[in-house]
Each structure stands twice: as C-alpha cells, then as structure tokens.
Protein chains: 2
Amino acid sequence: MNLFAERINKLRLLLKQNGIDVYYVPTADFHGSEYINDYFKVRAYLSGFTGSAGTLFVTQSEAGLFTDGRYFIQAERELLGSGITLYRSGMEQVPTPEEKLSELLKDGGVLGFDGRFLSYAFLRFLNESLDNEKVTIRCDVDLTAELWPDRPALSHRPAYRLAERYTGKSTAQKLSEVREAMKKVHPETVYKKGSKQNFSKKQAFTAEVYLITSLDDIAWLFNLRGSDILHNPVVLSYAMITETKAFLYLEPAALDDTTKMLLEEEGVILRPYDAIYEDAAKLRDCTVLLDAKRVNCALVQALPKGCTLLDAVGPVLFAKAVKNDTELKNLAAAHRKDGVAVTKFMYWLKHNIGKQTITEASAAAHLLALRKEQEGFLEPSFETISAYNANAAMMHYHTDEKNSAELNTEGFLLVDSGGQYYEGTTDVTRTYVLGEIPLEWKKHYTAVLRGMLALSAANFLYGCRGANLDILARGPLWQMGLDYRCGTGHGVGYLLNVHEAPNNFRWRIMPERTDSCVLEEGMVTTNEPGVYVEESHGIRIENELVCRKGTKNEYGQFMYFETLTVTPIDLEAVLLEELTAAEKRTLNDYHKKVYETLLPYLTKEEGEWLREVTRPVE
Amino acid sequence: MNLFAERINKLRLLLKQNGIDVYYVPTADFHGSEYINDYFKVRAYLSGFTGSAGTLFVTQSEAGLFTDGRYFIQAERELLGSGITLYRSGMEQVPTPEEKLSELLKDGGVLGFDGRFLSYAFLRFLNESLDNEKVTIRCDVDLTAELWPDRPALSHRPAYRLAERYTGKSTAQKLSEVREAMKKVHPETVYKKGSKQNFSKKQAFTAEVYLITSLDDIAWLFNLRGSDILHNPVVLSYAMITETKAFLYLEPAALDDTTKMLLEEEGVILRPYDAIYEDAAKLRDCTVLLDAKRVNCALVQALPKGCTLLDAVGPVLFAKAVKNDTELKNLAAAHRKDGVAVTKFMYWLKHNIGKQTITEASAAAHLLALRKEQEGFLEPSFETISAYNANAAMMHYHTDEKNSAELNTEGFLLVDSGGQYYEGTTDVTRTYVLGEIPLEWKKHYTAVLRGMLALSAANFLYGCRGANLDILARGPLWQMGLDYRCGTGHGVGYLLNVHEAPNNFRWRIMPERTDSCVLEEGMVTTNEPGVYVEESHGIRIENELVCRKGTKNEYGQFMYFETLTVTPIDLEAVLLEELTAAEKRTLNDYHKKVYETLLPYLTKEEGEWLREVTRPVE
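Owing to the predicted nature of the structure, the values given are computational and were not obtained by experimental measurement.

> Looking at this model, I keep getting lost on the overall build of chain A. Mind explaining?
In terms of regular secondary structure, chain A is built from 19 helices and 30 strands. On C-alpha atoms alone, chain A measures out to a radius of gyration of 25 Å, which is about the 25 Å that the 2.2 N^0.38 rule sets for 618 residues. With respect to the three principal axes, the spread of C-alpha positions in chain A is 70 × 60 × 50 Å. In chain A, which comprises 618 residues, the share counted as buried stands at 61%.

> Explain the pairing of strand β13 (residues 246-250) of chain B to me, please; I cannot follow it from the model alone.
The side chains of a regular strand alternate between the sheet's two faces. All names here are of chain B. For β13, the tally of buried residues reaches 5 of 5 residues, placing the bulk of the element in the interior. Residues Ala246, Leu248 and Leu250 of β13 are buried on one face, and the alternating residues Phe247 and Tyr249, pointing to the opposite face, are buried as well. The hairpin formed by strand β12 (residues 237-242) and β13 contains 3 residues between the paired strands. Pairing of β13 with strand β14 (residues 268-271), which is carried by 4 bridges, proceeds in the parallel orientation. Bridge pairing in β14 places leucine 248 opposite leucine 270. The parallel pair β13 and β14, bridged by helix α10 (residues 257-265), forms a crossover whose chirality is right-handed.

> Sorry if this is basic, but what is going on with the sheet that holds strand β3 (residues 63-67) of chain B here?
Think of a sheet as strands paired side by side through backbone hydrogen bonds, with each pair either parallel or antiparallel. Residues and elements named next belong to chain B. Across the sheet, which stays open at both edges, the 6 strands sit in the order β4-β3-β2-β1-β5-β6 with mixed pairing between neighbours. Both edges of this open sheet fall to β4 (85-88) and β6 (135-138), since each of them pairs with a single strand only. Put simply, the sheet's adjacent strands are angled 20° from each other on average, direction ignored. Pairing of strand β2 (residues 55-58) with β3, which is carried by 4 bridges, proceeds in the antiparallel orientation.

> Which parts of the structure should I look at to understand helix α4 (residues 97-104) of chain A?
Side chains three or four residues apart in an α-helix point the same way, a direct result of the helix having 3.6 residues per turn. Residue and element names in this part refer to chain A. All buried positions along α4 are accounted for by Pro97, Lys100 and Leu101. Projected down its long axis, α4 carries its buried residues within an arc of 100°, all on one side. On the buried face of α4, the contacting elements are β1 (22-25), β2 (55-58), β3 (63-67), β4 (85-88), β5 (109-112) and α5 (120-129).

> It is not clear to me how the interface of chain A and chain B should be interpreted in this structure. Could you clarify?
How big an interface is tends to be stated in terms of the accessible area lost upon association of its parts. Taken together, the contacts link 42 residues of chain A with 42 residues of chain B. Across the chain A/chain B interface, buried area totals approximately 3,600 Å², and carbon plus sulfur atoms make up 53% of it. Taken together, chain A and chain B are joined by 0 salt bridges. At the level of elements, α5, β9 (198-199), β23 (459-461), α17 (466-479) and β27 (530-533) of chain A are the ones that each hand at least two residues to the side of chain A that touches chain B. The biggest single contributor to the side of chain A that touches chain B is α17 of chain A, with 7 residues.

> So what exactly am I meant to see when it comes to the packing of aromatic side chains here?
For any pair of aromatic rings, the description consists of the separation of the ring centres together with the inter-plane angle of the planes. Summed over all chains, the structure comprises 52 aromatic pairs over all chains. Ring plane angle 70° and centroid distance 5.4 Å describe the contact between phenylalanine 377 of chain B and tyrosine 421 of chain B, whose orientation is recorded as edge-to-face. You can see phenylalanine 377 of chain B sitting in strand β17 (residues 377-380) and its partner tyrosine 421 of chain B sitting in strand β20 (residues 419-421), a full 44 residues away along the chain. Judged on exposure class, the residue phenylalanine 377 of chain B and its partner tyrosine 421 of chain B are both buried. In textbook terms, an aromatic cluster arises when at least three aromatic residues are bridged by ring pairs, as seen for Tyr24, Phe113, Phe122 and Phe125 of chain A.

> Looking at this model, I keep getting lost on the relation of the copies chain A and chain B. Mind explaining?
The two chain copies are related to each other by a rotation about an axis together with a translation along it. For these two chains of identical sequence, chain A goes onto chain B by a turn of 180° and a shift of 0.0 Å along the axis, with RMSD 0.0 Å. Taken together, these values place the two copies in the relation of a two-fold axis. Of the C-alpha atoms belonging to chain A, the one lying closest to the rotation axis is found on asparagine 468 of chain A, 2.5 Å away. When the interface residues of chain A are mapped onto chain B, 100% of them are again interface residues, pointing to one common binding face.

> Which parts of the structure should I look at to understand the sheet that holds strand β22 (residues 428-433) of chain B?
Residue and element names in this part refer to chain B. Taken in spatial order, the 3 strands make up an open sheet running β18-β19-β22, and their pairing is antiparallel. The sheet terminates laterally at β18 (385-388) and β22, the two strands that pair on one side only. Recorded for the sheet is a direction-independent mean angle of 10° between the axes of neighbouring strands. Here strand β19 (residues 412-417) runs beside β22; their pairing, made up of 6 bridges, is antiparallel. Following the sheet pairing, aspartate 416 is matched in β22 by threonine 429. Packing of helix α14 (residues 325-352) onto the sheet brings it into contact with β19 and β22, and relative to β22 it is tilted by some 15°.

> Is there a simple way to think about the environment of arginine 548 of chain A in this case?
Residue and element names in this part refer to chain A. Its location among the elements puts arginine 548 in strand β29 (residues 543-553). Between the alpha carbons of arginine 548 and glutamate 375 there is a distance of 28 Å; along the sequence they are 173 residues apart. Each residue touching arginine 548, except ones within four places of it in the same chain, is listed here: Leu328, Glu521, Phe558, Met559, Tyr560 and Glu562. Side-chain polar atoms of arginine 548 contact the side chain of glutamate 562, separated by 2.9 Å.

> Please explain the side chain of threonine 567 of chain B as it appears in this structure.
Along the chain, threonine 567 of chain B turns up in the loop between β30 (556-563) and α18 (581-598). Ignoring any residue separated from it by four or fewer positions in sequence, one finds threonine 567 of chain B in contact with Gly339, Val342, Thr343, Val428, Arg430, Tyr590, Val594 and Leu598 of chain B.

> When you look at unusual backbone geometry in this model, what are you seeing that I'm missing?
Most peptide bonds adopt trans geometry, and most residues besides glycine take a negative phi value. Note that the residue after alanine 501 of chain A, namely proline 502 of chain A, is joined by a cis bond; omega there is 0°. Following the sequence through the fold, proline 502 of chain A ends up in strand β25 (residues 500-505). Even without glycine at this site, glutamine 93 of chain A takes up a positive phi of about 75°. Turning to its location among the elements, glutamine 93 of chain A is positioned in the loop between β4 and α4. Judged by relative accessible area, glutamine 93 of chain A falls into the exposed class, the value being 76%. Non-glycine residue asparagine 223 of chain B carries a positive phi angle of around 45°. If you trace the backbone, asparagine 223 of chain B turns up in the loop between α9 (215-221) and β11 (224-225).

> For this particular structure, what's the right way to read the side chain of aspartate 427 of chain B?
Residue and element names in this part refer to chain B. Mapped onto the elements of the fold, aspartate 427 is located in the loop between β21 (424-425) and β22. Buried and unpaired, aspartate 427 has no salt bridge, with arginine 540 as the nearest side chain of opposite charge at 7.0 Å. Among the polar contacts listed, one links the side chain of aspartate 427 to the side chain of histidine 490, at a separation of 3.1 Å.

> Where do I start with the pattern of salt bridges in this structure?
Pairs can form between side chains of opposite charge once their charged atoms are near each other. All names here are of chain A. For the structure shown, the criterion picks out 68 salt bridges over all chains. Here arginine 371 and aspartate 338 are joined by a salt bridge, their closest N and O atoms 2.6 Å apart. Remark: aspartate 338 occurs in helix α14 (residues 325-352) and arginine 371 occurs in helix α15 (residues 360-372); sequence separation between them is 33 residues. Aspartate 338 sits in the buried class, given a relative accessible area of 3%.

> What's the story with the packing of α18 of chain B against helix α19 (residues 604-613) of chain B in this structure? I'm lost.
A pair of packed helices is captured by two measures, namely the crossing angle of their axes and the spacing between those axes. Residues and elements named next belong to chain B. As a packed pair, α18 and α19 sit with axes 9 Å apart at the nearest point and diverge in direction by 170°. By the criterion of interaxial angle, the relationship of α18 to α19 is roughly antiparallel. Of the residues in α19, those touching α18 at His591, Val594, Tyr595 and Leu598 are Gly607, Leu610, Arg611 and Val613. Within the contact of α18 with α19, the residues separate by chemical class into 5 nonpolar, 2 polar and 1 charged.

> Explain the confidence of the model for chain A to me, please; I cannot follow it from the model alone.
Segments scoring low in pLDDT should not have their predicted coordinates read at a detailed level. When pLDDT is averaged across chain A, the result is 95; 98% of the residues are at 70 or more. Listed scores for the predicted complex are pTM 0.93 and ipTM 0.92.

> Please explain the state of the cysteines as it appears in this structure.
Where two cysteines share a covalent bond between their sulfur atoms, that bond is called a disulfide. With the rule as written, the count across this model stands at 0 disulfides over all chains. Here cysteine 486 of chain A stays unpaired: no disulfide links it, and the sulfur of cysteine 464 of chain B, its closest cysteine neighbor, is 15 Å away.

> Could you clarify how one ought to interpret the environment of lysine 245 of chain B in this entry?
Residues and elements named next belong to chain B. Residue placement: lysine 245 occurs in the loop between β12 and β13. Take lysine 245: its relative accessible area is 42%, and that puts it in the partly exposed class. As for lysine 245 and arginine 179, which are separated by 66 residues in sequence, their C-alpha atoms are 10.0 Å apart. Each residue touching lysine 245, except ones within four places of it in the same chain, is listed here: Arg179, Met240 and Ile269.

The rules we used
Once a new chain begins, its residue numbering starts again from 1 and follows that chain's sequence as written. Both sets of labels track the order of writing: A upward for chains, 1 upward for ligands. Confidence filtering applies because this is a predicted model: local features only for residues at pLDDT of at least 70, side-chain atom pairs given and counted only at 80 or more, and all residues used for totals across whole chains, interfaces and linings. In computing side-chain properties, one takes all heavy atoms of the structure into account and sets aside hydrogens as well as water. Numbering of helices and strands starts at the N terminus; helices are DSSP runs of H or I of at least 4 residues and strands are runs of E of at least 2. Throughout, the radius of gyration refers to the C-alpha atoms, and the reference size of a globule is 2.2 Å times the residue count to the power 0.38. Type-normalised accessible area, obtained with a 1.4 Å probe on protein chains alone, sets the label of each residue: buried when under 20%, exposed when over 50%, and partly exposed for intermediate values. Paired strands are those between which DSSP finds at least two bridges. A crossover counts as right-handed when, viewed with the strands pointing away from the observer, the path leading from the first strand over the helix to the second turns clockwise. Lines are fitted to the C-alpha atoms to define the axes, a helix being fitted only along its stretch in contact, and any angle between axes, read from their N-to-C directions, falls within 0 to 180 degrees. An arc is given here, and it is the one of the directions from the helix axis to the C-beta atoms. Every residue pair with non-hydrogen atoms within 4.5 Å of one another is taken to be in contact. As a working definition, buried area equals the accessible area (1.4 Å probe) given up by two parts on being put together, with both sides summed. In the sections that follow, a salt bridge refers to a side-chain nitrogen of Lys or Arg positioned within 4 Å of a carboxyl oxygen of Asp or Glu. To pair, rings of Phe, Tyr and Trp, with the six-membered ring standing in for Trp, must have centres within 6.5 Å; the planes then decide the type, stacked if under 30 degrees apart, edge-to-face if over 60, and tilted in the middle. Copies overlap after least-squares fitting; the atoms used are the C-alpha atoms of residues with pLDDT of at least 70 in both. Pairing of N or O atoms within 3.5 Å defines a polar contact, subject to two protein rules: one partner must be a possible hydrogen donor and the other a possible acceptor, and residues neighboring in sequence count only if both atoms are side-chain atoms. When charges are counted, Lys and Arg are positive and Asp and Glu negative, with His and the chain ends excluded. Comment on the angle field: the value is read as roughly parallel under 35 degrees, roughly antiparallel over 145, roughly perpendicular from 65 to 115, and oblique elsewhere. In this classification, Asp, Glu, Lys and Arg are treated as charged, Ala, Val, Leu, Ile, Met, Phe, Trp, Tyr, Cys and Pro as nonpolar, and every other residue, Gly included, as polar. Within a predicted model, pLDDT stands for the predictor's per-residue confidence, ranging from 0 to 100. Cysteine sulfur atoms are paired as a disulfide whenever they come within 2.5 Å of each other.

Laid out in structure tokens, this is it:
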C-alpha cells in the first residue's frame, strides 16, 4: 500500500478515536512564517506533497489537498496512489478550502486541527462562517506524536546577538518604546474572552501584555539572529512583553552563555519555547494586545476567560519597518557590496557569453561566489532566480543543476537575487541582453524601465500608500495592454526576511489587509515591474527604494525615494526614443551614482567597461 | 437684546423644561443632502449664522458654533451679540463638535437633538464614544414648533416625471432590479434592534424591506424630478421598497394628477411625506436594508425591536452611478450643447476683453444667457464660479453684482460652471488667458494641463479605484512641490446632483467611506486638477470623463476614459516644451474632436476662430 495512503488511514483511525469528523492541516508554522522549518511540515509528511503551499483535509470518506497553479503537475505526481484528491485552487468550480469545510460540515460535526498552525483571525472567520449550533471546533488536536514517530526535533540552531553598530538601538531602548506604545493602543476590534460578542469603542486602550509570535518581530526586538529558517535569519521563539518584564521563549540550547548574559543584562527573562502557553494561561483579567491575523489561535485559546483582547497591528511591526539612521547607513554599505558583486557578475556574463558554457545554474553559482567575496555576507536572502528567455516568464522559476538551460548569444537572462549581510538584506533584479533581441522584447523592456524610473522619481505628499503610487510603475505597461500579475514591490527587512510587511506597492486596495500602510520615512520597498509572456520571455528590473522626507511647505510634507540598489541597468534593450526627457534624466542620474559608487571596488578593466555601460543617454 | 441671544434664551428655557442638558443642531436636512431647503435651516434661524456649514450646541451655560475656514469672518460678524462662541474648526486646539460633546457630557447628562437631522451611523458613533452608563441620548427632540413660529412650510414644488427616452429605464424595471439585489445583500454590519451588540456574519442576507432616504436615489428610482433644492432637481421624499410593494412618501401637493397616475401605473403607492415614520414602526421582525451613513437615526429609531438591520450601501446608489446607454447617448448631446455655450462664451470673452467693461459677474451672466439659448437647458447645476486672478485662489469663490472684480487685459479668468439639461448634468472649468501672464503662472497652467491629460488618457485594469489613478492628475504638481487641497474629481448625476457618490478621484484612502468605489463602465467623473496660490492666482481645467471598457485579454479587462466635455483648452498659457509627445497627442486628439463636434453649431467667424484655438501643437 502507498506510504501516504497508510498514513492517511492511520490518521483516520485516530480521528475516529478522538471523535473528529474533519481534520484540517495547513502549510504553516506556529508563527505565521512565509517559509517554514522542517519540524512543521506535517502536511507534507501526511500527504507526500512537498510543495511550499497547500492545505490538506481528511474525513473518514475523503482526503483532499488544495494547492495553486505553480504546483498542479508536481502535486498530481506526488499524490499518485495516496487516495488524496487534488483540488486545483483558482480553477473554475474549485471551492476554496474554507468553502469545502463549510460543505463538509453543513449538517454539523466536529472540526479538528492543531490551533498553533492557524491564526486567531482564521478561527474567528470559521466561527462566523460555520453554523456554530451544529459544528464544534477543536483547536487542540495535535496527532503528530502518534502519526510521525521520526519527526525531526524542533530546530535550535545557534542564535546570536546583533551588535548595536548594526541595529542602531539596544533591546532595552526598543522595549521602552514598545511599552510607550502599549499605553495607547487603538484596536480594530476588542474581544472579551468567554463572550461570543465583539465590541468596538472609539478610544485608546492600555495594554498590560503584548504577545508577539512573528519570528522577525521577535528577532528585531531582541537584536537576535539565527538560522532556523533557510534565508530568513530568525530564531524559533515567542515573546511576551508586560509593563515591567520581557519574556523570550526559545529552545535553551539555541543560546550560548554570552548571548544569554547579554539578553539578561537588558532585562530579558528567558523561558523554554513551549512555556508561553502555560504563561498565557496565568494572565488573569489582563488586557492583552495581539494581532489576530498573526497570532496563532491556540495561544489565544490558552488565555483565560476574563482577558480583554485588543486586536491591533503591534507596534513592533511598524517600528521594524522604519529603518533607523544606523540601519540606513549600514544598508548603503550592504547595497554597495551587493552592487560590486552583481556588477562584477554582469561584467563576467557580458564577457564570457558565447565563449564558455554558461547555464542558468552556473551563472547563479558564479554570482553567489562573487557575493561570498564580500565581507559580512552571510547567505542569499532567497533562492536565486536565474532564468533564460521563456523560463523567465515563470515568475517563481527555479533551476537546478540537472535541468538548467544553457545560455546562448541571444535573448535575455533574468537574475533576481539578494544577500544577507550584517549591514542588511538586499534584493535586486536585472535582465541582461545576451545577444539579438526582437523589437517587441525591447518595447517591453523599455516600458518596464520607464515604469521603474517613474516610481523611483516620485515626489508625493505624506499620507500616500503604495496603492496610490503603484500606477507610476505599472502605467507604461497598462497603456500597452500589458500587466504583471503581482504587486510592484514589497517591504524588505534588515538582516531579516526579504518580504516584510506593512509597506508595499500594490494597486489592489484590500481594507482587510494591513500591508499597504502609509509610507513612512525610512521604509524600504522594492520597485520591480516586469513583463511575463508565457513560452516567450520574462523581464524584470528591480531596485530597492528608501522613503525620505523632502520639502515641507503649505501643502504638507513631501516625500521622495532614494535608490539603494547600485548596479547598472542594461541599456542594450532600451528604445531611447520612447523615453521622455524626465525619464532620461532619472536614468542618467542613477547611472552616474552607480559609476561613482562602484568604481573604487572594481579592476581597471571592469571600471572602463562600467563607464561605458553607465554612459548618459540622450 | 440681540435677536439670536433671545432665541437661544428661549431654547434654554425649553431645554430646562424638557430635561435636556446639551442640545445639538447640525446643518442638514432629513435626507443627508449636500444643499438644503430653507425649511431645514434651524441652525441658521437659532444662531443667525447663515453659512452653508456649521454645527450649533447649546447648554444652560454655553452656546457654541463650529464652522470651517471659509466662514470664519462671516461667522464672527453674524454671531456678534448673540453670546454664541465661535469654534474655528481645523485650527489648532479647537476640538471637533464630537469632542466637545464628549467634554460637555463627561460627567453624564442628557443629550438631545432632532434625530431626523443626523445619520444612524452618527448615533452609533455617539453610543460608542460617550459613556453610555451616564449619558442619555434622546433623538426625538424637535423644538421648532415652539421656537420658530414663522418657519417656512415644507417645500412641495411641482414634481414631474422624466420620460424613458431620457432615463433609459422605467421605474418598474428599476424596481425589479432593486428587488433582485435585495435578495443578496452583503452587509458591512448586521444590527438587531433592541440588542446592544452588533454581529457580523460572512454571508448574504435577503432584505425584506429597503429604506431609501437620499433624495437623488429616490428621484432616480422613480424617474421623478423637481426643484425642492436649488440646482439639485430633486423632490423632498422618502421611499420604502418591499418584495412586492413600493411606497413613495412626499407632499401630495407636489404631484399633479398625470404624474400621480403615471407613478401608480408603475405600481408605486403614494403616501404623505411624514407617514414613513408610522409605516416603519409597523415593520415587525423585518429584515431591513439601510445605509447607516445616509439614513437618519429617527427613522431607524422608529423601527420596532426585533427588526434586523442590514447596514450596506444600497443598490440604487451604484445603479444610479452607472449611466445606461440611453443616458450616455443623451449626455453626449447635453455636453455638445453645453460645449457650444461655453465655446461661444470663450469667443465672446477673447474678442471683448479690453473693449468693453466685463466683470466676473457680468461674464457669468453672459455665460448663463448662452446656456439658456440651448434647448432643454433647465438651470445651472451649481452656482457659477467666475473668478479673476487672486479671487480664483479661493476654491469656492462666489462673486455678486456689488463686489465683482473688473477684468483687465492681463492674467487669468477661471470659470467653473455647469448646466442641468433633460439630457443630463454638466460641470466644466476653463481658465482663460486675458493678456500678459507671468512665466510662473504658465508653468503652473502647463502642469495642471499635463495632469488633466494624463488622467484622461489612462488605460487601466478593471478593479482600479479613483485612489489608484489620482496621482496621474496630481503627479506633475507634486513633482513641483505643489498640490490642490481637494480630490481630483467627483461623480456627476444625470439631471441630478452635480456631486454624486460613490465614484471619484481622490488619493486619500478612507476605508470608512464608501466614496472611492471600483470604477465601473458608465460611471461619469470629473477630472479637475488645479493650482491655487493665495493672493495671486488660481488655475483649474476640468473635463468630465465616462469610464469605458477597453481590451480584454489574459491580464484582465482594461478600462479607459472617454471625455464628455467639448470646449477648447486655452493654449495661450501652455509651455509646449514641457509637454511629452504622448501629452501632445492627447491634447491634439481632444481639440480635433472639439472642433469637429462644435463647428456645425457656430457662426462662420466663431468657426474660423475655433480652428485656430484648437490647432494641433508640436
């Protein structure tokens, strides 16, 4: 019998024993992370499907897995023989996982899951959408002990403290600012534990306790970094901040004595990873600040009745997004180093294409080797996308040694990559001309460039969100009836996650999401419009922008962007006659800065070449 | 003793007799209208302040009036001797009226007002922001019978039916579509009358009853027009739609026998204006659709306990905003007629400036006379703004015969005006060059024009809201550190209000407002960027745009705008070297259309002049 069919059968037996009708297993960890550590890969263990996105449900008569278009082919192959039905999310007639739950439970029953995997907002959504007179929801059903005997241990790779010359602020200082913010919380909704009703008051509340479960928030607050998640230098942990104390919950083995001492010196109380659930259970009649969209529902369930829950985006999320002066100074250094590596890569690519065998994978490897030469480089900030021609039309293309395409002296190579440095996180995309390019591709490339330049050069009043500015980048493509099916850019962490809320550039306004905030001075956001034509080509040009304060006058505070990324934009595919005078100025100013910043770090030959590729255009 | 001090004293006596501690009188009617009929001007009657915006409160020891910057000087003068304190809204340290209420009632008390003047959303806001254990709110306190013996009678000017060749749809048809929408309401919030809690369920509800109180919604639904409010051809009325019946509440004297018959033929039941309150009181255990932001709270109070209130933007608001094919065909005719009048005005102005005495007021009068020559013209759609040089810096400037500035052969005349025609409502602004213009003014004029053209030429994916597009119009000004302190444009009714929700162009995203909806095909919105430099000059160029469906491809449904307004844009202040090639194309295409559309309706001399002023620019 198929290994996964056996696992599902075993699960069904356990469900029967536990009186559970529908079991629900999402892809997640206990912290709402984008990427997850192996310890949390329960869905993959049970179903055999190894993709990064998917949701499994199991009843006595049916098992189903939902995943999206990226994974249809892989999921079909991996689910073969498991008896699990594939639900192709996004296709017509295919329900959402939530709609499927509603259908399975329309006549009532018991829904079970491990609540640590799901947010409190999701639990509230279930409470609102399922018939609560007939359906029982159990958030405490963890069956992994029985199901997964060889489960990997919880990661406790060594964590380290990031010095103040990198962070710009001590943990003690950050804690004091967080406590100040806790005195004046404007919650979206206020819940009283034990009451079925929510209520809202247009007033400020004082939070006695602040629960933090997002790993990057915790890493930022405690100036702590680790490697529990690939590319994301975070530490598996929880935190609870009170008016006088700060509790940090993590595997004790993750800290050496020095790190422990440094934390304790700043008033941090260390507790085991799991202990937050017991500690939460002791918070009698407390007013607790938490972000219902981010905190897991098991933790909220652990809070005793009588607690008042203030649902609000926590102060750390915003404080972390606004880079301080030290961080910004460091980021300039990180981008300079990164720019040296990426520019040397461009030089190498342009001089070796057609002369030696280069594949997508070998190009990526060469770029990584160049980054490794930079002092303070730790690891890539995400898996490099190195995609040739039609492969670049797949936005999340990943090559491996075996299936890697060989590059020829024609078309485009798109390289989207980034680094983690002590001085910060980078993310940059360039699309390189390898030889002959059809006119249509040049038109697309030029439109992408025009959008990227227009957003970079924006001057705007304080109060703007990404949704107000997105059309600057997207407009030139929309005018041609083209689009890219994603946001224009995302926030970037500081030696943290390459995707960071709450700032972004995204045109769709979703009031229920907290990810299109007002752009504040010091926020770093990527600017990466693109064109993706299936089975033909893909183009993306990406710079990182930091938001700065400009003129203040009778109209208000004007803001502008400073570009962090420093590496040439390939001019070979630009149709100069399509650029406006303003666009040419922006491009030339940028290339002047690239040349001046990088020249001291290049060889004589590279420098001469750089002068040519950053020449002003007319 | 001052007349108004006496009225306030009389009010204080009545408050004492009625046990009211704080009395609250806003500027409003019972329908949330922007402009109000004299019958509703209680605040002006009590305070002596005649401005169009202001809020009065009276206690035994204090009386205060809040108004905004437009009215500080007028209010000071008019309040002199009344004993009423002026609160200058928007100035530092000045509370909002709501904050003042909180302060006055911080130790408890009874707050009274006539709930017909205030929305249900406002009542809920008060309930949330005032301490409901100590404060009693009474929404039924109408003291006008005692206070205002010579109050004008409720307006019941003759109403008339608009024929289907103008409306494109019968009332019977509109009612059937409204009833279809009532079967699937997605309320923002659901309230149960008599319960203190609100609850929300992610599901669709069926409304048994739909209460409509907005006058333009009612006029649209019943194809009825009148003249109860200056410039807004509406009829004082309420409506209640059930699954089988349609009740229209208005003063019986407003309808002649034919109109009555026509309405009754379409299944409309006529009831007296005030009877809606008794009828609402009879709706036992009904599910009632209403828009809490628009319906008055007295009407909601009249609903019996046990009713379920579905708070949602009603289907009429959206249906009315999306102009149908007949309306769009008619609108083209209305704009052609309006364009003939405005263009003849421009010809007259350009040929007579410096030759005869022209004032702001006489120019406006001449324009009105030209509009009156157009068949089907009924009245101006708002009070014409005719503003010379520095006067144009006041966005809502109004001139009168006595204080009207004389125009010289230098500077700008800004004219913002519009007409009500059977074929629709128009709104157009042009800024005319009268002679010498400083370079800076030309720079400003050119930036305003560039923004206006960019928004007009936008191509964008379906799903965009005004907030996504606003920067196209505002961008050229923001790049120069300039701004206009208002939205870029508003929706326009069809022979209805010149300001119509829910579509607009406005960059600030206010999730609590319903006025920045997704732009649908058939919505008409103004595009009117401007520059206003105090004590110097004002510039505004305004066209109306109708949203149209463009290409549909793998990226989605593209949308674009078609310009409705047809009258030349004065080229004399344009710095051509600052226009991009694309902007010149848009301008030339527009002027070509203006020339071709208007030529048949002009004299030979006017036609020759028009060819010159609509010449293509290079």
